[in-house]
Amino acid sequence: MSTTLPPDNVLPYTDRDGRPMRRAGDRAPARPPMRRATDFSTTHSVSLVVPAHNEARNIPWVFEQIPRCVDEVILVDGDSNDATVSMAKHCLPTVRHVDQDGPGKGNALRTGFAAATGEFIVMMDADGSMWPGEIPHYLHFLSNGYDFVKGSRCIAGGGSLDFTRVRSLGNRALLAVVNRLYGAHLTDLCYGFCAFRRSFLDELDLRSSGFEIEAEMVAHALRSGLRLAEVPSLELPRRNGRSHLHAVSDGKRVLRTLIAERPGARAATPAAAGER
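Residues numbered from 1 in each chain as written. Predicted model: local features only at pLDDT ≥ 70, side-chain atom pairs only at ≥ 80, totals over all residues. Heavy atoms only, no water.

Quick look at the packing of helix α3 (residues 105–115) against helix α7 (residues 213–223) now. Look at α3 against α7: their axes get within 9 Å of each other, and the N-to-C directions meet at 55 degrees. Judged on the interaxial angle alone, α7 and α3 are oblique. Residues K105, G106, L109, R110 and F113 of α3 form the contact with α7, whose participating residues are I213, E214 and M217. Among the residues making up the contact of α3 with α7, the classes are represented as four nonpolar, one polar and three charged. (Axes fitted to C-alpha atoms, helices over the stretch in contact; angles between N-to-C directions. Helix = DSSP H or I, 4+ residues; strand = E, 2+ residues; numbered from the N terminus. Parallel < 35°, antiparallel > 145°, perpendicular 65-115°, else oblique. Contact = heavy atoms within 4.5 Å. Nonpolar A, V, L, I, M, F, W, Y, C, P; charged D, E, K, R; others polar.)

If you want it as structure tokens, here you go:
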């Protein structure tokens, strides 16, 4: 008596209850592909502004993670003495390189914003502490009616792998100040992963030259009544090199900025001067 083996796509083996048993060689049923954040598309043009100073070792990782929805990448170089610019051009031949005309991160960002042509502008660091794959989440909110979107490490889905105790305490203290002075309910403040509509650049009225520009942007967005949203973001450790941030001194500058830019502060100053 001869036995004919069934074709490979049939499960001939059964358990004691007569149910087919799965073999190790059987392929799992096909599943529809999962949608990735990088598949996000928008009808608006998008500019990514990346300030950098001696970040040649970090640029490759950052640039290879940039999603397809970004139309132009602007590298603002702060007089680097390593291969930052040439590495950026090697990794992304279409990158636009501009030199900042003064010192400080604030100056670099303002230079990049002025050069950007996209309807939406995204800003992020070049040190690898921010994942470009999160950019579509920011664009989603801008595409759905919001004017300014900021990352938060302190809401569900966000976090930080680089928070020192001093930075964490300082951020919480400054956050309490901005929420009190501006009547806001933010969950994070000193984090430079943000996006906004280019048409509101004048309302943001940016003037800071240092790290405090991140707080200035949020303060001016709140003061101007822009529609603001927070999205979860995971802060990663800097991939290479040392941070240019000075927690105590930069924290003091942020505090001075928040107090000076609070609603009604500038209007009250001329009046007080006139009374004297």
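With mixed pairing, the seven strands of this open sheet are ordered in space as β3-β2-β1-β4-β7-β5-β8. This sheet does not close on itself; its edge strands, each paired only once, are β3 (96–99) and β8 (228–232). Adjacent strand axes in the sheet meet at a mean angle of 20 degrees, parallel and antiparallel pairs treated alike. Where strand β1 (residues 46–52) and strand β2 (residues 72–77) come together, six bridges link them in parallel fashion. Bridge assignment links V50 to a residue of β2, and that residue is L75. (Pairing = 2+ DSSP bridges.)

You will see that N54, though not glycine, has its phi angle at about 55 degrees, which is positive. Within the element layout of this structure, N54 appears in the loop between β1 and α1 (59–64). Of the residues examined, N54 reaches a relative accessible area of 28% and is grouped as partly exposed. Notably, D79 is not glycine yet its phi reads approximately 60 degrees, a positive angle. Topologically, D79 is positioned in the loop between β2 and α2 (84–91). (Buried < 20%, exposed > 50% of the residue type's maximum accessible area, 1.4 Å probe, protein only.)

Counted at 1.5 Å a residue, the expected span for helix α5 (residues 165–182) with its 18 residues is 26 Å, and the 26 Å between its end C-alpha atoms agrees. Remark: G183 follows α5 within two positions and exhibits a positive phi of approximately 60 degrees. (Expected span 1.5 Å × (residues − 1).)

Quick look at the side chain of N179 now. One can find N179 in helix α5. Judged by relative accessible area, which is 19%, N179 ranks as buried. Aside from chain neighbours lying at most four places away, what touches N179 is A184, H185 and L186.

What follows concerns the confidence of the model for the chain. Mean pLDDT over the chain works out to 84, with 80% of the residues at or above the 70 mark. Within the model, the stretch residues 1–37 combines pLDDT values under 50 with 26 contacts to residues more than four positions away or in other chains. Across residues 267–276, confidence stays below pLDDT 50; counting only partners more than four residues off in sequence or on other chains, it has zero contacts. (pLDDT = per-residue confidence, 0-100.)

Another aspect to go through is the packing of aromatic side chains. With the rule as written, the count across this model stands at four aromatic pairs. Note on F113 and F196: the rings are 5.1 Å apart at their centroids and 85 degrees apart in plane angle, and the pair reads as edge-to-face. Residue F113 is found in helix α3, and its partner F196 is found in strand β7 (residues 194–197); the two are separated by 83 residues along the sequence. F196 shares its class with F113; the two are buried. An aromatic cluster is built from F113, F148 and F196, whose rings are joined through pairwise contacts. (Phe/Tyr/Trp six-rings, centres within 6.5 Å; stacked < 30°, edge-to-face > 60°.)

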